[in-house]
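# Structural overview
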Amino acid sequence: MMYSLNESIQEVDGAVHYLESIINRIKSENKLSPNITNKISSFYDDVILPYMEYYYTSDEEIDDHYTRLTINDILDLANILNNI
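This one's a predicted model, so the numbers in the text were calculated from it and none came from an experiment. (Residues numbered from 1 in each chain as written. Predicted model: local features only at pLDDT ≥ 70, side-chain atom pairs only at ≥ 80, totals over all residues. Heavy atoms only, no water.)

## Structural notes on the environment of Val 47
- With respect to the element layout, Val 47 can be found in helix H2 (residues 34–57).
- A sequence separation of 22 residues divides Val 47 from Leu 69, and the C-alpha atoms of the two residues are 9.6 Å apart.
- Apart from the residues lying within four places of it in its own chain, the contact partners of Val 47 are Thr 70 and Asp 73. (Helix = DSSP H or I, 4+ residues; strand = E, 2+ residues; numbered from the N terminus. Contact = heavy atoms within 4.5 Å.)

So, in structure tokens, the structure goes:
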């Protein structure tokens, strides 16, 4: 099943905002070590940015499977960080 470009991007945006809220909380609690910061930066470089660059800059239909994998990866990291 294919979703419209806006719906899929909004779902990923929502997951990213959730992740960012957890990162902000960890930062405010002074639990954001350089090691964690490096892992988060790598995650953005490897997972979030490629997705956003492709679907924001191209006019391609979004593959629902790729969207689900991206959202799951974001939520997995959010869950890990939420337990710090």
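## Thoughts on the packing of H2 against helix H3 (residues 64–82)
- Running from N to C, H2 and H3 point in directions that differ by 160 degrees, and their axes come no closer than 11 Å. By the angle between their axes, H2 is roughly antiparallel relative to H3. Judged by the sense of rotation from one axis to the other, the crossing of H2 with H3 is left-handed. Contacts from Ile 36, Ile 40, Phe 43, Val 47, Ile 48, Pro 50, Tyr 51 and Tyr 55 of H2 reach H3 at Tyr 66, Thr 67, Thr 70, Asp 73, Ile 74, Leu 77 and Leu 81.
- Tallied by class, residues from the contact of H2 with H3 come to twelve nonpolar, two polar and one charged. (Axes fitted to C-alpha atoms, helices over the stretch in contact; angles between N-to-C directions. Parallel < 35°, antiparallel > 145°, perpendicular 65-115°, else oblique. Left-handed = near helix turned anticlockwise from the far one by under 90°. Nonpolar A, V, L, I, M, F, W, Y, C, P; charged D, E, K, R; others polar.)

Remember that the coordinates give geometry; whether it matters functionally is a separate question.
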